[in-house]
Amino acid sequence: MSDMITEARTGRADPMLELEGVGKAFADRSGVAHHALAGIDLAVGEHEIVALVGTSGCGKSTLLRLVAGLDAPSEGALRLAGRPVEGPRSETGVVFQEPRLMPWLTVADNVRFALGDLSREEQARRTAEALEKVKLQGFEQALPRQLSGGMAQRVAIARALARRPQILLLDEPFGALDAFTRRAMQAHLLELWQAERFTMVFVTHDLAEAVTLADRVVVLRGTPGRVVETVPVELPRPRRGDEPEAVALERHIEGLLDLG
Amino acid sequence: MSTFELRSRLAAGLGKRGDRDASQAAPQGAAVPASPGRPSGALGRLGAFKGWLLPLAIVLLWQAASRLELVSPQLLPSPEAVIGEILALANSGELVEHVAVTGGRVFFGFLWGTLAATLLGTLTGASTTARELLDPTIQALKAVPSLAWVPLFILWFGIFETSKVALIAVGVFFPVYLNLMAGIRQTDRKLVEVARVYGLGRWQIARRVLVPATLPSYFVGLRGGLALGWMFVIAAELMGASEGLGFLMVDGQMTGRPALIVASLILFALVGKASDALLAGAGSRLLTWQDSVGNREDAGNV
């Protein structure tokens, strides 16, 4: 029964990621629990792109951290590739809002940082490959302080991709970039997604970004955050955020967020 | 055309069309920001030698004052007299001996002080429990003027080497400890998270994130500690020693040889500066990645 629901929801038999009744509460200094998320059910299929949007404080970043295994849920179950998430997993790549590069390592060493468990030759091969994917060949020996914001974020993406993740999690990855660079990065990410066939879950506050990239937009609202609606985006790619159908979807989502 | 070629053409097209980011980026090397505030002209060409201009001017003034007999040689001997004193010490072999003794005291005091500070600073920096247990006591001990330890150290360790080294170690300890603890505590939690995401264990996180992130403030502490080490070795030697630069000073004072006093002062300055330069050199080699204007010279002391 639940398999059928999953299949109907994602159009695929084996979800890459499954969340069942996931909730998260944090205790503050005086021990009072604050609920950030409650009752989240979500299934994400292989090679699917899901956007998480929501009002501020609705726990969308928290949700991503739970999936990444950085925090443990207070209730409910998370399964990634069929196994429960109990900590950071090697199938997962994470890109944060800031590039979070080690300032003392070169670009190449920052990518290699994610590959500690592999042989030296394999590290070198994958680093070169990942930097080529994000078009940063020639910058291997540069230090993070020498990079622009967009380039630094591409290194962070290369670091995540070098592990050949089955699922890529991104927390407002382009939020700090200017509009022009952001569009270029979105197109680039989509291109990588088409080539590599990983699953992608990303948090954004940019509804145009959500609608141009995602197969489904999950709308969260409230404190604790709950899923109000999951909006499928069935527009052919490449999409533009200013096409009438896209704009209509953006309006619809905006309406969902304004309610409450 | 293979799909790979197609993809790379697409990629190239994309790069041309949209990726302003890539076209903006200067080729490697050119992206390095020019050293800020480097002056041009004659002073600029002198480079690192600019630091010698002021001492040189002082020596010239000093020489002129001595020649014109503006000051009594009993108060301020002439530069020649001082240089003569240093040369005499060098010829008799005493110079090397005294410098080695003082340097050795500073070295061992620095070593022990740094060791203790590194152990305790790592502990209180990394563990909240350890900090809550130990730090208040250490901060209270810091409030004791370090020279006030002298009577106790002499009582405990006698009047010879041990009490001197212990005093220097106490001086070295605090700046190293405080900077290391602060450095560990200020490490960006976000970088630690990246390490967790990519499967690094506790020890790997310590080695590959915490150590490099803490190194800059650790070096600030080491340099501050070394400066205090030199300060305390003089205090220790003035209070009673039979060799060392501090002993030379006392000797000069007792035997009425002002040139010897000034000569030891100059030797102190030279040896102290040299040891600091060594440490700073090691530091700047390790910390070239830092993105700050004054990352080599003027990292402040405690």
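Located above this text is the structure these notes cover.
Residues numbered from 1 in each chain as written. Chains lettered and ligands numbered in written order. Predicted model: local features only at pLDDT ≥ 70, side-chain atom pairs only at ≥ 80, totals over all residues. Heavy atoms only, no water.

### Quick notes on the overall build of chain A
Link 1 in the chain: A tally of regular secondary structure across chain A gives eight helices and 10 strands.
Link 2 in the chain: The globule rule puts the C-alpha radius of gyration for 260 residues at 18 Å, and the 18 Å found for chain A is close to it.
Link 3 in the chain: For chain A, the separation between the mean place of its 31 positive charges and that of its 37 negative charges on side chains is 4 Å. (Helix = DSSP H or I, 4+ residues; strand = E, 2+ residues; numbered from the N terminus. Rg over C-alpha atoms; globule rule 2.2 N^0.38 Å. Lys, Arg positive; Asp, Glu negative; His and termini not counted. Charge placed at Lys NZ, Arg CZ, Asp CG, Glu CD.)

### Overview of a nonpolar patch on the surface
Residue and element names in this part refer to chain B.
Link 1 in the chain: A cluster of nonpolar residues, Leu46, Phe49, Trp52, Leu53 and Leu270, forms a patch on the protein surface that exposes about 540 Å² of accessible area.
Link 2 in the chain: If you trace the backbone, Trp52 turns up in the loop between helix 3 (41–46) and helix 4 (53–67).
Link 3 in the chain: Residue classification places Trp52 among the exposed positions, given a relative accessible area of 56%. (Patch = residues over 30% accessible without salt bridge, like charges linked within 9 Å, V, L, I, M, F, W, Y side chains within 5 Å. Areas by Shrake-Rupley, 256 points an atom, 1.4 Å probe, with all protein chains shown as cover. Salt bridge = Lys/Arg side-chain N within 4 Å of Asp/Glu carboxyl O. Buried < 20%, exposed > 50% of the residue type's maximum accessible area, 1.4 Å probe, protein only.)

### A word on the side chain of Glu209 of chain A
Residues and elements named next belong to chain A.
Link 1 in the chain: By the element assignment, Glu209 lies in helix 7 (residues 207–213).
Link 2 in the chain: Arg182 provides the closest opposite charge to the buried, salt-bridge-free Glu209, at an N-O distance of 5.0 Å.
Link 3 in the chain: Only 2.9 Å separates the side chain of Glu209 from the side chain of Thr204, close enough to count as a polar contact.
Link 4 in the chain: Filtering out sequence-adjacent residues up to four positions away, Glu209 remains in contact with Phe174, Arg182, Gln186, Phe202 and Thr204. (Polar contact = N/O pair within 3.5 Å; in protein donor to acceptor, adjacent residues only side chain to side chain. Contact = heavy atoms within 4.5 Å.)

### As for the packing of aromatic side chains
Aromatic ring pairs: the centre-centre distance and the angle between the two ring planes describe each pair.
Residues and elements named next belong to chain B.
Link 1 in the chain: Under the definition given, this model contains eight aromatic pairs over all chains.
Link 2 in the chain: Centroid distance Phe153 to Trp156: 6.2 Å. Interplanar angle 40 degrees. Geometry classified as tilted. Here Phe153 and its partner Trp156 are both found in helix 8 (residues 150–157), three residues apart, which amounts to about one turn of the helix.
Link 3 in the chain: Taking the relative accessible area as the measure of exposure, Phe153 reaches 8% and is therefore buried.
Link 4 in the chain: For Trp156, a relative accessible area of 54% gives the class exposed. (Phe/Tyr/Trp six-rings, centres within 6.5 Å; stacked < 30°, edge-to-face > 60°.)

### Section: the environment of Lys24 of chain A
All names here are of chain A.
Link 1 in the chain: Among the structural elements, Lys24 can be located in strand 1 (residues 15–27).
Link 2 in the chain: The exposure class of Lys24 is buried, given its relative accessible area of 12%.
Link 3 in the chain: Each residue touching Lys24, except ones within four places of it in the same chain, is listed here: His34, His35, Ala36, Leu37, Thr62, Leu66, Asp71, Ala72, Pro73 and Ser74.

### So, the sheet that holds strand 5 (residues 83–84) of chain A
All names here are of chain A.
Link 1 in the chain: Reading across the sheet, the four strands line up as 2-1-4-5 and stay open at both edges, with antiparallel pairing between neighbours. The sheet is open, and its two edges are formed by strand 2 (33–45) and strand 5, each paired on a single side.
Link 2 in the chain: For strand 4 (residues 75–80) and strand 5, the ladder comprises two bridges, and the chain directions are antiparallel. Across the sheet, the residue bridging to Arg79 is Pro84, located in strand 5. (Pairing = 2+ DSSP bridges.)

### Examining the environment of Leu95 of chain B
All names here are of chain B.
Link 1 in the chain: Note that Leu95 resides in helix 6 (residues 94–126).
Link 2 in the chain: Along the sequence, Leu95 and Leu267 sit 172 residues apart, while their C-alpha atoms lie 9.3 Å from each other.
Link 3 in the chain: The residues touching Leu95, leaving out its near neighbours within four places in the chain, are Leu89, Ala90 and Leu267.

### What to know about the side chain of Thr204 of chain A
Residue and element names in this part refer to chain A.
Link 1 in the chain: Its location among the elements puts Thr204 in the loop between strand 8 (199–203) and helix 7.
Link 2 in the chain: Relative accessible area serves as the criterion here: at 2%, Thr204 is assigned to the buried category.
Link 3 in the chain: One polar contact links the side chain of Thr204 to the main-chain amide nitrogen of Asp206, over a distance of 3.0 Å.
Link 4 in the chain: Ignoring any residue separated from it by four or fewer positions in sequence, one finds Thr204 in contact with Leu52, Val53, Lys60, Glu172, Glu209 and Ala210.

### Focus on the sheet that holds strand 8 of chain A
All names here are of chain A.
Link 1 in the chain: One open sheet accounts for six strands, arranged 6-7-8-3-9-10; its pairing is mixed. At either end of the open sheet lies a strand with only one pairing partner, and these are strand 6 (92–95) and strand 10 (226–232). Averaged over neighbouring strand pairs, the angle between their axes works out to 20 degrees when direction is ignored.
Link 2 in the chain: In terms of strand pairing, strand 3 (residues 49–54) meets strand 9 (residues 216–221) through five bridges, oriented parallel. Looking at strand 9, one finds that Ala51 is bridged to Val217. (Axes fitted to C-alpha atoms, helices over the stretch in contact; angles between N-to-C directions.)

Everything listed here is a matter of coordinates, which is why it stays silent on function.
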